[in-house]
Amino acid sequence: MTTSKAQSKPPHRPRAATGIGSGRTIPLALLLGALSPTPAAAHIIPTNFGTFDGSSAVAPISLNSGTVGNYGWADGADADWADTHKLAAFSFTLTGRANVLLQFDKRANAFGINGLVPGFSLYLGTPHAGAVGADHDYSVGSELLRAADCAATPGCTATEGSFRSLSSWNITNDPDSGAASPSRFSYIGSAYDGSQTLPAANSPLQDGNAYLIPGGDGLQDGSVAKLFNNLAPGSYTVFVGGAAYSSQTNNANRGILGSFSLTPAAVPVPGAVWLFGSALAFFGAAKTRHAPSRL
Ligand SMILES: [Ca+2]
Ligand SMILES: [Ca+2]
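Residues numbered from 1 in each chain as written. Chains lettered and ligands numbered in written order. Predicted model: local features only at pLDDT ≥ 70, side-chain atom pairs only at ≥ 80, totals over all residues.

A. Region of interest: the overall build of the protein. Tallying secondary structure elements over the protein gives 5 helices and 14 strands in all. For the protein, the residues scored as buried account for 38% of the 295 residues in total. Once local pairs closer than 6 in sequence are excluded, the contacts in the protein between residues at least 24 apart make up 79%. (Helix = DSSP H or I, 4+ residues; strand = E, 2+ residues; numbered from the N terminus. Buried ≥ 20, exposed ≤ 12 C-beta atoms within 10 Å, placed from the backbone. Contact = placed C-beta atoms within 7 Å.)

B. Quick look at the sheet that holds strand β4 (residues 58–68). Across the sheet, 4 strands lie side by side as β4-β14-β6-β12; this open sheet has antiparallel pairing. Across the chains shown, the open sheet's two edge strands, defined by having one partner strand only, are β4 and β12 (223–231). The mean angle between the axes of side-by-side strands here comes to 20°, regardless of whether they run parallel or antiparallel. (Pairing = 2+ DSSP bridges. Axes fitted to C-alpha atoms, helices over the stretch in contact; angles between N-to-C directions.)

C. Spatial organisation of the nonpolar core. Core analysis: the biggest nonpolar cluster contains 48 residues, and Ala74, Ala89, Phe120, Val238 and Val240 have the highest contact counts within it. Looking at this core, the element that brings in the most residues is strand β5 (residues 87–94), giving 5 residues. (Core = buried A, V, L, I, M, F, W, Y, C linked by C-beta atoms within 7 Å.)

D. Representation of the sheet that holds strand β13 (residues 234–242). In spatial order, the strands read β3-β5-β13-β7-β9-β8; together these 6 strands make up an open sheet with mixed pairing. What marks the edges here is a single partner per strand, and that holds for β3 (47–52) and β8 (169–171). Looking at each pair of strands side by side, their axes are set apart by 30° on average, direction ignored. Pairing of strand β7 (residues 118–124) with strand β9 (residues 183–192) involves 6 bridges; the strand directions are antiparallel. What sits directly across from Tyr123, in β9, is Tyr187.

E. Highlighting the pairing of β13. With 7 of its 9 residues buried, β13 lies for the most part within the structure. By the bridge criterion, 8 bridges tie β5 to β13 in an arrangement that is antiparallel. Counted as the bridge partner of Phe92 is Tyr236 from β13. Relative to β13, β7 runs antiparallel, the two being bridged by 7 bridges. Across the sheet, the residue bridging to Gly119 is Gly241, located in β13.

F. View of helix α4 (residues 140–151). Look at α4: 17 Å from first C-alpha to last across 12 residues, which is about the 16 Å you get at 1.5 Å a residue. Of the positions making up α4, those classed as buried are Gly141, Ser142, Leu145 and Arg146. Summarising the axial view, the buried residues of α4 lie within an arc of 130°, below the 170-degree limit, and thus occupy one face. Structural note: α4 exposes Ala148 and Ala151 on the side pointing more than 90 degrees away from its buried face. The inward-facing, buried residues of α4 contact β8. (Expected span 1.5 Å × (residues − 1). Arc of directions from axis to C-beta.)

G. Highlighting the environment of Ser203. You can see Ser203 is positioned in the loop between β10 (197–198) and β11 (211–212). In this structure, the C-alpha to C-alpha distance between Ser203 and Asp78, residues 125 residues apart in sequence, is 5.5 Å. When near neighbours in sequence (up to four residues on either side) are disregarded, Ser203 contacts Ala79, Leu198, Asn209, Ala210 and Tyr211.

H. Expanded view of unusual backbone geometry. The phi angle at Ala179 is positive, at roughly 55°, despite the residue not being glycine. Residue placement: Ala179 occurs in the loop between β8 and β9. A positive phi angle, close to 50°, is found at Gln206, a residue other than glycine. For Gln206, the position within the fold is in the loop between β10 and β11. Residue classification places Gln206 among the partly exposed residues on the basis of 15 C-beta atoms within 10 Å.

As structure tokens, then:
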């Protein structure tokens, strides 16, 4: 929905300090933080599940967050991508291989009302750190990246933002105005609550047909989960937003409960062990065949 979204482009939010009383200056971010630790509609500042070595199981870790509207994730599955300000970000780091289960549920919390239809995508990669240098869609560098990426994507003629639900994408922060060191999010996989079909006019395939977004769980109950087996060591970011594509005029904040759990990845059997085992089996069989009859 390019027309309505272009009008809803958020103004740049100044991060300058603001004065309270005489002689005292309190950063605006701290004031906002006092109300909500990770303000919805902020630049990309993930809520971190932690760092794990994958050697032992980790019981579900559940953290609250929220996002603006109920459509941000599905909006990134269409032909003109989406605005990351309409999604929440979570992060985790693995120092060893692991099977990771991610689940996101609608939730009434300090970040928003109940009613999210959650969708999420997992990427290898992290944003620039820190509130001052956080990545956002409307930095000069991000606009440069988007123009180049769109030009290289068949069917792309305009973009609503940097976020892409079903493929890899790039974004950067204000200091990186030349897009020399962008954050790269390499797509791993995704899932969403229920089932969503985009109108033909919004299909990323631009083939004149309605587009069923892949990865729906078929039951729209405010919850979606996906298991990622054998994830490699690395730092990951998860973007979570609404999957209700047709609700783009409603920007009420929606609460999210994000849950992370982990089990150790299966230890691969080295090739040499396989060969040794095969050899033992072979000699065992040969010995059996050549055993003298005792009849
Ligand atoms: Ca879009
Ligand atoms: Ca579901």
